[in-house]
Amino acid sequence: DPQQLELATSSKRKLRRFIVIDEVVDELYGSKVREYFEENNVQHKILSLPTTEETKSMDLVLNILQEVQNFSIDRRTEPIIAIGGGVCLDIVGLAASLYRRRTPYIRVPTTLLSYVDASVGAKNGVNFLQCKNKLGGYTPPVASFLDRSFIQSIPRRHISNGLGEILKMALMKHKGLFDLLKSHGKYLLDTKFQSCSGSADHGDAALQTTRIAIETMLEELAPNLWEDDLDRLVDFGHLISPELEMRVLPSLMHGEAVNIDMAFMTYVAYMRSLITAEEKEQIIQCMRGLELPVWHSGCSWPLIKKALMERLKHSGGQPRMPLPTGLGMAEIFNDTSEETLERAYKLWVRD
């Protein structure tokens with residue numbers, strides 16, 4: 001914006017920015033980030049940190065806040081910038097929300113998962129007492145800057161991991177997105193979500209899938225940003241996966257744990273006659289095509305029961321279980337019997 005640029009450059013006070021960047025991202029892009037701020041004459045502090053599920057704690061938040069205090073930012077005009085995956089965005093969001101009660105922050109996602117998931121919405125948080133995101137809040141960023149070119153440097157497994165959350169939105173809300181994933185899944189993995197010219201067969205599948213995934217996510221989140229209504233389709237894949245993911249760290253990534261949960265719930269939907277055997281197979285085959293795990297030995301029957309009991313505690317005494325009722329359609333159910341769940345579990349394990 002030329003007006004903003006003029007305002008920024010004409011101001012007597014030098015522009016200042018505090019940036020938190022994931023240490024792996026820093027190795028890949030840190031020199032470019034520093035060059036950018038130097039060329040634009042911005043006084044800056046770049047804090048490079050290991051941001052993983054294992055380090056996602058209040059200790060790291062306090063570490064960031066100590067550095068923010070030392071840098072001495074203006075909480076009205078100097079947003080904190082987070083550059084990294086979902087864990088980095090979550091940690092920095094919480095730190096910003098705590099500093100002077102609310103300091104603006106900007107999200108720059110660098111993984112596919114954070115691009116379509118953590119960058120959208122208002123939630124932030126850290127793990128606590130071996131529980132995923134037990135501490136956190138709802139403070140939206142002032143902006144999320146989305147750039148798919150970051151995704152080309154992440155490993156194939158991380159692309160697949162992000163596809164788990166995209167598939168979630170496809171199964172819950174958008175058959176067109178499901179069809180895109182079924183048809184172009186391998187291509188998206190191979191091209192790492194880059195828009196390639198000369199691929200007429202696939203069109204711009206990367207742009208289409210990410211755009212639809214984010215739009216459908218926003219449709220769900222925007223009217224219910226503070227989760228006043230606990231009936232949320234976006235909770236599909238998130239009933240059992242938090243317990244599973246924390247139990248087997250670091251063997252499963254977030255999107256993989258979500259997909260295992262979705263695979264089991266697909267069997268629950270089939271057992272309840274909400275979807276046909278053919279639809280169940282289509283869903284499982286699509287998951288396999290996206291190179292996502294559809295089962296894990298750690299997802300035992302006792303773990304499932306424990307996870308669903310935890311769910312009842314935090315969702316007003318109701319399971320509020322999102323289940324597919326077709327491809328791209330879903331409803332929330334509170335009446336799935338334990339017998340049905342166990343039968344679905346046995347069939348899932350057998351298959």
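Residues numbered from 1 in each chain as written. Predicted model: local features only at pLDDT ≥ 70, side-chain atom pairs only at ≥ 80, totals over all residues. Heavy atoms only, no water.

Things to note about the UniProt feature "domain: 3-dehydroquinate synthase N-terminal" (unreviewed entry) in the chain
For step 1, the next point in the chain: The feature "domain: 3-dehydroquinate synthase N-terminal" (unreviewed entry), as given by UniProt, occupies residues 48-160 in the numbering adopted here.
For step 2, the next point in the chain: When the span residues 48-160 is considered, its composition is 35% helix and 25% strand, and the gap between its end C-alpha atoms is 26 Å. (UniProt positions renumbered as here; feature names shortened; annotations may be inferred. Helix = DSSP H or I, 4+ residues; strand = E, 2+ residues; numbered from the N terminus.)

Overview of the pairing of strand β3 (residues 80-84)
For step 1, the next point in the chain: The element β3 is largely enclosed, with a buried count of five among its five residues.
For step 2, the next point in the chain: The two faces of β3 match: I80, A82 and G84 on one face and I81 and I83 on the other face are all buried.
For step 3, the next point in the chain: Sheet topology note: the strand β1 (residues 16-22)/β3 ladder contains four bridges and is parallel. Residue pairing for β3: I21 is matched across the bridge by I83.
For step 4, the next point in the chain: Sheet topology places β3 next to strand β4 (residues 105-109); five bridges connect them, and they run parallel. Bridging across to β4, I81 finds its partner in I106.
For step 5, the next point in the chain: As for the winding sense of the linkage, the β-α-β connection from β3 through helix α4 (residues 86-98) to β4 is right-handed. (Buried < 20%, exposed > 50% of the residue type's maximum accessible area, 1.4 Å probe, protein only. Pairing = 2+ DSSP bridges. Right-handed = clockwise from strand over helix to strand, strands pointing away.)

Regarding a positive patch on the surface
For step 1, the next point in the chain: Taken together, the side chains of R76, R100, R101 and R102 make up a positively charged region of the molecular surface.
For step 2, the next point in the chain: Tracing the backbone shows R100 in the loop between α4 and β4. (Patch = residues over 30% accessible without salt bridge, like charges linked within 9 Å, V, L, I, M, F, W, Y side chains within 5 Å. Areas by Shrake-Rupley, 256 points an atom, 1.4 Å probe, with all protein chains shown as cover. Salt bridge = Lys/Arg side-chain N within 4 Å of Asp/Glu carboxyl O. Lys, Arg positive; Asp, Glu negative; His and termini not counted. Charge placed at Lys NZ, Arg CZ, Asp CG, Glu CD.)

Here's the deal with the sheet that holds strand β2 (residues 43-49)
For step 1, the next point in the chain: Strand order in this open sheet of five strands is β2-β1-β3-β4-β7, and the pairing throughout is parallel. Strands at the two margins of the open sheet, each flanked by one partner only, are β2 and β7 (143-144).
For step 2, the next point in the chain: Relative to β7, β4 is paired through two bridges, and the arrangement is parallel. In the sheet register, R107 faces β7, and the bridge partner there is S144.
For step 3, the next point in the chain: Packing of helix α3 (residues 58-71) onto the sheet brings it into contact with β1, β2 and β3, and relative to β2 it is tilted by some 165°.
For step 4, the next point in the chain: In this fold α4 packs onto β1, β3 and β4, with an angle of close to 165° to the strand it touches most, β3. (Contact = heavy atoms within 4.5 Å. Axes fitted to C-alpha atoms, helices over the stretch in contact; angles between N-to-C directions.)

Some points on the pattern of salt bridges
Think of it this way: side chains of opposite charge can pair up when their charged atoms draw near.
For step 1, the next point in the chain: Counted by the stated rule, this structure contains 27 salt bridges.
For step 2, the next point in the chain: Note that K306 is salt-bridged to E243, the shortest N-O span being 2.7 Å. Residue K306 is located in helix α12 (residues 301-314), and its partner E243 is located in helix α9 (residues 241-247); the two are separated by 63 residues in the primary sequence.
For step 3, the next point in the chain: Accessibility expressed as a relative area gives 43% for K306, which makes it partly exposed.

Observations regarding the domain arrangement of the chain
For step 1, the next point in the chain: On domain assignment, one finds that the chain holds domain 1 (11-152) and domain 2 (156-195 + 202-223 + 232-350).
For step 2, the next point in the chain: For domain 1 versus domain 2, the separation of C-alpha centres amounts to 28 Å.
For step 3, the next point in the chain: The interface of domain 1 with domain 2 comprises 20 residues on the first partner and 28 residues on the second.
For step 4, the next point in the chain: Both faces combined, the contact of domain 1 with domain 2 buries some 2000 Å², and carbon together with sulfur accounts for 68% of it.
For step 5, the next point in the chain: Looking only at domain 1, the three residues that lose the most surface to domain 2 are L112, L113 and R148, adding up to 32% of its buried area. (Domains from an automatic or database assignment. Buried area = accessible area lost by both parts, 1.4 Å probe.)

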